[in-house]
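These are the residues of each chain, in order.
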Amino acid sequence: MSKPCIIELNDADIRVHQGERLVVHGPGMAVIRGDSLHLGEQAAAMTHLHPRHTYNRYWSALSQDPWPAAAGALRHNADLAWQHLLSLHERAGKPAEVLFAVPGRFSTAQLALRRGISQSCPFTAVGLVDSAVAGAAAVAGPGRYQHLELQLHQAVLTRSDVHDQVERHSVDVVEGSGVLAMHDAAAELISDTFIQQSRFDPLHRAETEQAVYDQLPRSLATLQAQPEVILDVVAGSSRQQARLTRDHLTERLRREYAAILQRLEPDRMVLLSDRAAALPGLSQACAGSVSLAGDVVRRGCLLHLDRIRSAGPNLNFVTRLPAPRDAVLRMQETETPTARHP
């Protein structure tokens with residue numbers, strides 16, 4: 001039996017896998033200007049240039065509630081989600097079958113709507129699984145775990161108990177602690193840093209504000225490996241630079257981490273998604289945490305494909321999977337912090 005395409009529907013970075021390859025990825029963002037619809041990374045590069053035309057809640061607030069003003073044929077969030085799925089499917093080479101891995105924070109009504117949207121797409125949806133459960137089912141041995149994932153607008157803590165099965169215990173949503181809030185806090189610090197070092201505020205103009213946000217992911221990655229990064233922004237005919245240190249950024253982001261840390265249970269190992277682990281200082285703040293590889297959800301889905309596949313249009317939402325035979329994580333690893341990437 002052929003392997004389906006796997007779509008991880010996390011709006012912070014929707015990922016489309018074909019076999020072992022990541023073929024498409026990008027955030028759940030859209031910019032609508034007149035008859036033009038821009039999605040994913042293309043939209044992210046325009047959001048601060050056209051904030052009034054930007055949509056970034058159509059996955060997290062998936063519904064058919066009508067917008068105050070329709071954008072052409074797009075009437076509500078479900079229409080925009082459908083358009084995004086069509087775009088992902090086409091860019092992935094139009095696979096015949098798709099398996100969806102989604103964060104556990106979707107409500108029953110949203111899951112039903114998502115099923116309906118996929119049924120109107122030119123592919124067959126063959127599975128629906130909790131992405132945190134799929135990730136744990138690729139690596140976690142017996143124990144008690146809490147998986148921390150970041151979406152655009154919230155953090156999602158998925159607690160699971162693992163014996164012979166990875167069984168979801170509960171899902172906790174921390175509103176306002178998503179990627180956008182973290183990036184906004186970092187951008188504010190970057191603005192303060194530029195003002196202090198060169199009397200230049202990059203957030204004062206849309207073009208330079210967009211430039212700050214464009215380089216944020218790269219800057220955060222640099223600060224994971226180095227103690228400081230040089231920020232570079234072109235403003236008209238001049239080039240402005242500022243030096244940002246990891247310690248300074250980590251200190252600022254601790255305020256944003258506080259709401260997440262308060263929800264952690266001390267007797268559970270913290271599994272950080274690669275999105276969460278990309279934030280400077282978060283893995284250190286989560287004592288004994290383990291950083292998961294970016295492909296762990298894909299691996300879990302393929303490892304347990306026969307358990308996730310569903311027959312017929314009414315897909316079962318899978319929240320329990322067999323524990324992996326060759327688990328690489330054990331509960332005793334919580335004794336010392338680690339930066340492993342299983």
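Owing to the predicted nature of the structure, the values given are computational and were not obtained by experimental measurement.

Give me the lowdown on the packing of aromatic side chains, citing residues and values where you can.
Taken as a whole, this structure holds four aromatic pairs when the rule is applied. Relative to Trp-67, the ring of Tyr-55 has its centre 4.7 Å away and its plane inclined at 25 degrees; by these criteria the two rings are stacked. Here Tyr-55 is found in strand 6 (residues 54-55), whereas its partner Trp-67 is found in strand 7 (residues 66-71), with twelve residues between them in sequence. For Tyr-55, a relative accessible area of 22% corresponds to the partly exposed category. When the centroid spacing of 6.1 Å and the interplanar angle of 40 degrees are considered together, the rings of Tyr-58 and Trp-59 count as tilted. Relative accessible area serves as the criterion here: at 1%, Tyr-58 is assigned to the buried category.

Which residues make up the sheet that holds strand 5 (residues 36-39), and what values go with them?
An order of 5-4-6 is seen for the three strands of this open sheet, with the pairing classed as antiparallel. Two strands bound the open sheet, and with one partner strand each, they are strand 5 and strand 6. Where strand 4 (residues 30-33) and strand 5 come together, four bridges link them in antiparallel fashion. In the strand pairing of strand 5, Arg-33 is matched with Ser-36.

Rules behind the numbers
Residues numbered from 1 in each chain as written. Predicted model: local features only at pLDDT ≥ 70, side-chain atom pairs only at ≥ 80, totals over all residues. Heavy atoms only, no water. Phe/Tyr/Trp six-rings, centres within 6.5 Å; stacked < 30°, edge-to-face > 60°. Helix = DSSP H or I, 4+ residues; strand = E, 2+ residues; numbered from the N terminus. Buried < 20%, exposed > 50% of the residue type's maximum accessible area, 1.4 Å probe, protein only. Pairing = 2+ DSSP bridges.

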